[in-house]
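# Structural description and commentary
Given next are the chains, with one letter for each unit.
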Amino acid sequence: MSDSLSSSFIVMSLNERGRERGGASCRQAEASLSSSLCLSGANMTEPPSPSVELQSLQPGQGAQSADSGIGDVDDLPVPQQIRITNITCDSFKISWDMDSRGRDRITHYFIDLNKKENMSSNKFKHKDVPTKLVAKAVPLPMTVRGHWFLSPRTEYTVAVQTAAKQPDGEYAVSRWSEIIEFCTADYSSIHLNQLLQKAEAIAGRMLPFTVFYRNQQGEYFQQDRDAQSCFLLPTVKDNSGSHGSPISGKLEGIFFSCNTEFNTGKPPQDSPYGPYRFQIRADVLFNKTTNMYFGDFYCMYTSYHYVILVLAPDGSKGDAFCKGRLPALDRSGNRFLACTEEEDGSLSFRHAQDVNLEVMYTEPVDLRLGAVSQISGHQLMSLSTANAKKDPSCKVCNISVGR
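Residues numbered from 1 in each chain as written. Predicted model: local features only at pLDDT ≥ 70, side-chain atom pairs only at ≥ 80, totals over all residues. Heavy atoms only, no water.

### What about the overall build of the chain?
Each helix and strand counted, the chain has seven helices and 25 strands in total. A burial count over the chain gives 50% of its 403 residues as buried. Contacts in the chain between residues far apart in sequence, at least 24 positions, make up 77% of those at least 6 positions apart. (Helix = DSSP H or I, 4+ residues; strand = E, 2+ residues; numbered from the N terminus. Buried < 20%, exposed > 50% of the residue type's maximum accessible area, 1.4 Å probe, protein only. Contact = heavy atoms within 4.5 Å.)

### Thoughts on the confidence of the model for the chain
Here the chain shows a mean pLDDT of 79. Residues at 70 or above account for 73%. Within the model, the stretch residues 1–69 combines pLDDT values under 50 with 141 contacts to residues more than four positions away or in other chains. Predicted confidence for residues 119–130 stays below pLDDT 50, and this span has 37 contacts to residues more than four positions away or in other chains. (pLDDT = per-residue confidence, 0-100.)

### A look at the pairing of strand S22 (residues 347–352)
Consecutive side chains along a regular strand alternate between the two faces of the sheet. Where strand S12 (residues 206–209) meets S22, four bridges bridge the pair, whose relative direction is antiparallel. For Phe-209, the partnering residue across the bridge sits in S22 and is Phe-349. Linking two consecutive strands that pair antiparallel, namely strand S21 (residues 337–341) and S22, is a turn of five residues; a positive phi of about 90° is found at Gly-345 within it. (Pairing = 2+ DSSP bridges.)

### Description of the pattern of salt bridges
Evaluated as defined, the whole model comprises eleven salt bridges. The closest approach of N and O atoms between Arg-153 and Asp-186, which form a salt bridge, is 2.8 Å. Of the two residues, Arg-153 sits in the loop between strand S8 (142–146) and strand S9 (155–165) while Asp-186 sits in the loop between strand S11 (180–183) and helix H4 (189–202), which places them 33 residues apart along the sequence. When the shortest N-O distance is used, the salt bridge between Asp-186 and Lys-250 registers 2.7 Å. With a gap of 64 residues between them, Asp-186 in the loop between S11 and H4 and Lys-250 in the loop between strand S15 (235–236) and strand S16 (252–256) connect regions that are remote in the sequence. Exposure remark for Asp-186: the relative accessible area of 18% places this residue in the buried category. Here the residues in one salt-bridge network are Lys-116, Glu-155 and Glu-181, joined through shared partners. (Salt bridge = Lys/Arg side-chain N within 4 Å of Asp/Glu carboxyl O.)

### Let's talk about the sheet that holds strand S18 (residues 290–299)
Whether parallel or antiparallel, the strands of a sheet pair through hydrogen bonds between backbone atoms. Pairing within the open sheet is mixed, and its six strands lie in the order S15-S16-S23-S19-S18-S20. If you trace the sheet from one side to the other, it starts and ends with S15 and strand S20 (328–329), each paired once. With nine bridges connecting them, S18 and strand S19 (residues 305–313) associate as antiparallel partners. Bridged to Met-292 within S19 is Leu-311. Running at roughly 80° to S18, H4 makes contact with S18, S19 and S20 of the sheet. (Axes fitted to C-alpha atoms, helices over the stretch in contact; angles between N-to-C directions.)

### Description of the sheet that holds strand S25 (residues 370–374)
A sheet is described by the order of its strands in space; here three strands give the open sequence S13-S17-S25, paired in antiparallel fashion. Every interior strand has two partners, whereas the edge strands, strand S13 (211–216) and S25, have only one. In this sheet, neighbouring strand axes are inclined to one another by 25° on average, regardless of whether the strands run parallel or antiparallel. Two elements, strand S17 (residues 276–281) and S25, share five bridges in a ladder whose sense is antiparallel. Residue Ile-280 lies in a different strand from S25, and its bridge partner there is Gly-370.

### Observations concerning the nonpolar core
In terms of nonpolar packing, the biggest core is built from 58 residues, with Phe-212, Phe-256, Phe-294, Phe-336 and Leu-337 touching the most fellow members. Counting 25 residues, the second-largest nonpolar core is a separate cluster that includes Trp-96, Val-144, Val-158 and Val-160. (Core = buried A, V, L, I, M, F, W, Y, C linked by side-chain atoms within 4.5 Å.)

### A closer look at the side chain of Glu-181
Mapped onto the fold, Glu-181 is located in strand S11. Among the residues examined, Glu-181 registers a relative accessible area of 13% and is labelled buried. A polar side-chain atom of Glu-181 sits 3.2 Å from a polar atom in the side chain of Lys-116. (Polar contact = N/O pair within 3.5 Å; in protein donor to acceptor, adjacent residues only side chain to side chain.)

Put into structure tokens, the structure is as follows:
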């Protein structure tokens, strides 16, 4: 994007002193442009993004411009019928209608962007991000983009003022528009491929394995045997890992592990999930008719990194969900989980040594195809990934979009 377009957008984050000084603080903000935030006019081409149904608050709930500490309410046109479109995980397009009276005086737009839980006021904030954005008046719709204040799959509110910059540097402003709600999107395939490349960089060498396994409390396996005719059934993935992963809260599956101990070549005896383990031959879940996808890469404020892989039988419901949403991996030629056919027709399997693999199988699994036994190790609950939050400061597993 050109420098002229990038420099037409200013982020304003003012402390209490700055709010009292008003226009002077605005002039300071204009002197410090953020290269992380971009604005474009209607002629710019944007990637297709999902649309959402917008909701506005009741009249009178929008804050008045007096809260902003910039200037007096003027007879500038008030933005009406705010429209949010082309939403991605870290950008959106915004447009609105407004009266023609006073339109020629408009020099800037003030956009108040807040996470929904902070929607009670339209005030400049020193520590809270997102905050107010100042944009030079350009043709609508315009694109708001900024990875350090927009996060994936997060609900936001937005309100707009029109403004006219005065000769002394102060601003005359309109009343605030209504407050609109919208939600950002999941990671796109581009973002997931960036995560994939980061994960590949630390995967390490490949080690052989022969079984997938799942640890739980004993009641888990017994309950499923009694109620579900000996089948483990897929459940919706929780919200652990990257906030923008398309599988969280949407894709159903059963999680298995396959990592082995370096010195024994067997599954570890310790587990964070329970003292009972179901083991099943690797070729039952992973074979020539199984498609594999990359789902996520994250850590939980520790040195351990986790990679989520999805195994989906070809043509299954899970496979249909993953196609077009997740990067597909070659069964035999990837850095995480490889299935190779030997000369005698048998399959051999290898897993990455330096990442913890969480393998999500999207179909029911018959317990009679494996065996349940008690392990001799400990339950290390601190290693559980259930609803675990990703460390947003880790340079190894984060990408340059909202966390």
